[in-house]
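# Notes for the structure review
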Amino acid sequence: MLYQTEDAPVKTVDILNREAEACLGTDPQQSFEKAKEAEILAKRAGSDGDVAGIARSMVNQARASINLAEYRRAIALASQVLAYPTAILKSRDTRRLAQYVSGVAHEQLGDLPRAQSYYHQFLSSAEQAGDTTHQIYAHNGLGISNAKSKDFLTSITHFLKIRELIETLDVPAPRLELITYHNLGKAYLQNGEPEKGLEFSILAFEYRDPTEHHNNTNIYCTLANTYKELGESEQAQYYYQQALLTLEHVQDDSLIASTNHDYGDFLYGQAQYEESENILKYALERALACGHLETAYEAHRSLSRVAKAKQDFEVALHHHEQFQEIQTQFIGEHNQEQMRYLRVAYEVEVAEKEAEIQRLRTEELEVLVEQRTADVLAALEQSEQANNVRTNMLNTVMHEFRTPLSIIGNSVNMLRRYKAKLTPEKETQLHERITAALKSLSQLLNDVDTVETTTIDTLELTYTSVTIGIWGANLVELLQRIAGGAQNVTYVFDVADATPVHIDTELTSSIAVELLKNALKYTPPDNSITVQLEVTNTHLVLRVVDEGMGIEPENLDKVFKLFFRAYKAGDIPGLGAGLYRVQLMVTALDGEITINSAGAGLGTTVSVKLPLR
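Counting of residues starts from 1 at the beginning of each chain's written sequence and follows it residue by residue. Thresholds applied to this predicted model are a pLDDT of at least 70 for local features of residues and 80 or more for the giving and counting of side-chain atom pairs; totals over whole chains, interfaces and linings are not thresholded and use all residues. Excluded from the side-chain calculations are hydrogens and water; all other atoms, namely the structure's heavy atoms, are used.

In this section: the overall build of the protein chain. In this description a helix means any DSSP run of H or I spanning at least four residues, a strand means any run of E spanning at least two, and both kinds are numbered starting from the N terminus. Summing up its helical and strand segments, the protein chain has 23 helices and nine strands in all. Burial statistics for the protein chain: of 613 residues in total, 45% are counted as buried. Looking at the protein chain alone, contacts between residues at least 24 apart form 60% of all its contacts between residues at least 6 apart. Split by element, the accessible area of the protein chain, about 31900 Å² in all, is 50% carbon and sulfur. For the exposure calls, accessible area comes from a 1.4 Å probe over protein chains only, and a residue counts as buried if that area is under 20% of its type's maximum, exposed if over 50%, partly exposed in between. Contact between two residues is taken to exist if any of their heavy atoms lie within 4.5 Å; hydrogens are not considered. Accessibility throughout is a Shrake-Rupley quantity obtained with a 1.4 Å probe, and a residue counts as covered only by protein chains that appear here.

Rendered as structure tokens:
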């Protein structure tokens, strides 16, 4: 199939794609437009179009979108390519590149877990194909994304792997070695190993090209930060100045802003507050000029520290307000509700309390000031703990929401695009998938609401006298409804017992329901689950025994922590909040809970022991 315009010669899909790939690095907008032309042409070929050509052109559009910072568009295009069966793509390179593009785009949008998932897929495909270059790309993406998520040890492992792979290349790759050494130096520094980091940063320094000012600025800045960490102020000062000199040849405002910010922080550490303030103000100006919000709000935070050191608490509060406003914009409207639980809360409170203490600091109020300081520290510690819980919940919820949302999106897309070709059975299946995904989303929202509102203090205890036999029979009926008639659940209750007991029936029933739900989630339908209830003179004992996935010994002491999910859980949805809620209820009832498992695949036993009143 050929493509002809009034002003252009005849071109094929392959030619257009090769032209798109050729100008990808120099003119990404033109690259995108040529790849779009290739897609249009490929779709005209036959009834179903040239699928391999369509996929290749979409990948090229996605790659160009990355260079244009159109990350959501890149994800949408790459997702369409990944939806094609491998057999009809002809070239496995197309699928691999779509995986890589998805990883880069998700990383740039801050979705590091999803980015790492795509990088791992890309790495696996590259290893199967024996493609060393793509393996290097994959390890580089994993190294950078793990560094961003503060997992520096894993980051270092991937960068060291790149070093091994470089040695297998047929031709020297000095630029690649430079980048890898620099990444290793920076990762070791961030991991608290500045001596090791210095070793690799010096290697990067030796490989530098005097004409590549952008890379050299980064190398100088990393060396300066490393010497700063080692306490060698003179060396740090020298490399900061070298970085600033190199910046004179750089047009990248974001790099100028971040380098000046690092230098301003260094001067603050040297108690050179006036010069530090001037440098940080310049960093802030350049960051705002190029829209680099992350550096802008970090500059505001650093300026607040300088103001506090100068005892100017009004200015400190001003910079914290700016910090909060910019960070709200940076995080985005979907996360603004969580905004107050992030780092702003901690430092704004510090500035406010210190300003208040300063106003009260007189000779007559020394004792009151000391007491107020203790109160501030306690409040800050509690606030920081709350920040960590909120941040973990936000990350977990975002991760768990993606799977059902993806299912809904893909199913709706199938119904919209192929409705005329779908059989009634396939259409019903897609509707059922949407319904199931919506149910999963609803359950996740309920879980979030429960985590938000359930604490020891909010649980109301109501003890009543009941006959164990009658209550036990009602509990069995409730659990059978929860299990949905599952044949693998057995109930061992002494329902004929007429013993009167004094218990909180609502909370005790909720504990049994949560434990059964947890067992059903992680136990295959053919494996058994047993729910046991017994009453002694002093205690009610509830036990759930399953032949499910089991728990590794090293994870047994973690399962009651909020948001913890053992790696064996795989794609099973959930927030990791079920056993956390159970422990809250058991604690409120002054009971005990234990969990035992012989290991993965060997089932789990959860026992709850509640005192009778």
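What follows picks up the thread again.
Between rings of Phe, Tyr and Trp, where Trp is taken as its six-membered ring, a pair exists when centres lie within 6.5 Å; planes separated by under 30 degrees are stacked, by over 60 edge-to-face, and by other angles tilted. For the structure on display, the rule yields 15 aromatic pairs. An aromatic cluster is present here, built from Phe205, Tyr220, Tyr227, Tyr238 and Tyr239 joined pairwise through their rings. A cation sits over an aromatic face here: Arg73 above Phe32, 4.0 Å from the ring centre. Whether a charge lies above a ring is judged from NZ of Lys or CZ of Arg, which has to be within 6 Å of the ring centre and within 35 degrees of the ring normal. If you follow Arg208 out to its NZ or CZ, it ends over the ring of Phe205, 3.7 Å from the centre.

For two strands to be treated as a pair, DSSP must find at least two bridges joining them. Read from one edge to the other, the open sheet built from five strands follows the order β4-β6-β7-β9-β8, with strand pairing classed as mixed. At either margin of the open sheet sits one strand with a lone partner, and together these are β4 (489-493) and β8 (592-596). Ignoring which end each strand starts from, the neighbouring axes of this sheet average 10° apart. As paired strands, β8 and strand β9 (residues 604-611) are joined by five bridges and run antiparallel to one another. Within β9, the position partnered with Thr594 by the bridge is Ser607. Against the sheet, helix α21 (residues 468-483) contacts β4, β6 (529-535) and β7 (539-546), and its axis sits at roughly 170° relative to β4. Note on geometry: axes are C-alpha line fits, over the in-contact stretch for helices, and angles between N-to-C directions span 0 to 180 degrees. Where helix α23 (residues 578-588) meets the sheet, its contacts fall on β8 and β9, and the angle it forms with β8 comes to roughly 145°.

Confidence scores here are pLDDT values: one per residue, from the predictor, ranging 0 to 100. Per-residue confidence for the protein chain gives a mean pLDDT of 79; residues scoring 70 or more make up 76%. Counted against residues more than four places away or in other chains, residues 1-10, with its pLDDT under 50, gives 18 contacts. This stretch, residues 333-356, has a pLDDT under 50; its non-local contacts, to residues over four places away or in other chains, come to 54 contacts.

On to the pairing of strand β5 (residues 500-503), then. A one-sided burial pattern is seen for β5, the buried positions being Val501 and Ile503 and the unburied ones Pro500 and His502. The sheet contact formed by strand β3 (residues 464-467) and β5 spans four bridges and is antiparallel. Directly across from Thr464, in β5, lies its bridge partner Ile503.

Before going further, it helps to examine the environment of Phe159. With respect to the helices and strands, the residue Phe159 is situated in helix α9 (residues 152-166). Owing to a relative accessible area of 2%, Phe159 belongs among the buried residues under this scheme. The spacing of Phe159 and Gly143 is 16 residues in sequence and 5.9 Å in space, taken between C-alpha atoms. Setting aside chain neighbours within four positions, we find Phe159 in contact with Asn140, Gly143, Ile144, Thr180, Asn183, Leu184 and Ala187.

Think of a 1 Å grid over just the protein atoms. A cavity is a set of points where a 1.4 Å probe fits yet cannot get out, a pocket is an open set with protein on both sides within 12 Å along at least five of seven lines, and lining residues have an atom within 4 Å of a point. Grid points are joined across faces, edges and corners, and a volume is the space filled by probe spheres set on the points. All chains considered together, the criterion is met by one cavity of 30 Å³ or more. In this structure, the largest cavity spans a volume of roughly 40 Å³. Lining the largest cavity are Tyr463, Ile503, Asp504, Thr508, Leu540, Leu589, Leu610 and Pro611. Classifying every residue of the lining of the largest cavity gives six nonpolar, one polar and one charged. Gly is put with the polar residues, along with every residue not named as nonpolar or charged; the nonpolar set is Ala, Val, Leu, Ile, Met, Phe, Trp, Tyr, Cys and Pro, and the charged set is Asp, Glu, Lys and Arg.

This paragraph deals with the pattern of salt bridges. The term salt bridge refers to a side-chain nitrogen of Lys or Arg lying within 4 Å of a carboxyl oxygen of Asp or Glu. Enumeration according to the criterion identifies 19 salt bridges in this entry. The partner of Asp93 in a salt bridge is Arg96, with the nearest N and O atoms 2.3 Å apart. Taken together, the residues Asp93 and Arg96, both in helix α6 (residues 92-108) and three residues apart, mark about one turn of the helix. Taking relative accessible area as the criterion, Asp93 reaches 35% and is therefore assigned partly exposed.

Glancing now at unusual backbone geometry. At Gln311, a position not held by glycine, the phi torsion is positive, near 65°. Secondary-structure assignment places Gln311 in the loop between α16 (293-309) and α17 (313-331). Here the phi dihedral of Asp590 falls at roughly 60°; this positive angle occurs in a residue that is not glycine.

In this structure, Trp471, Leu479, Ile511, Leu515, Val531, Leu542 and Val608 are the most contacted members of the largest nonpolar core, which totals 41 residues. With seven residues, the single largest contributor to this core is helix α22 (residues 505-521). Ranked by size, the runner-up nonpolar core spans 33 residues in total, among them Val51, Val59, Leu77 and Ala115. The criterion is simple. A nonpolar core is a set of buried Ala, Val, Leu, Ile, Met, Phe, Trp, Tyr and Cys residues joined through side-chain atoms within 4.5 Å.

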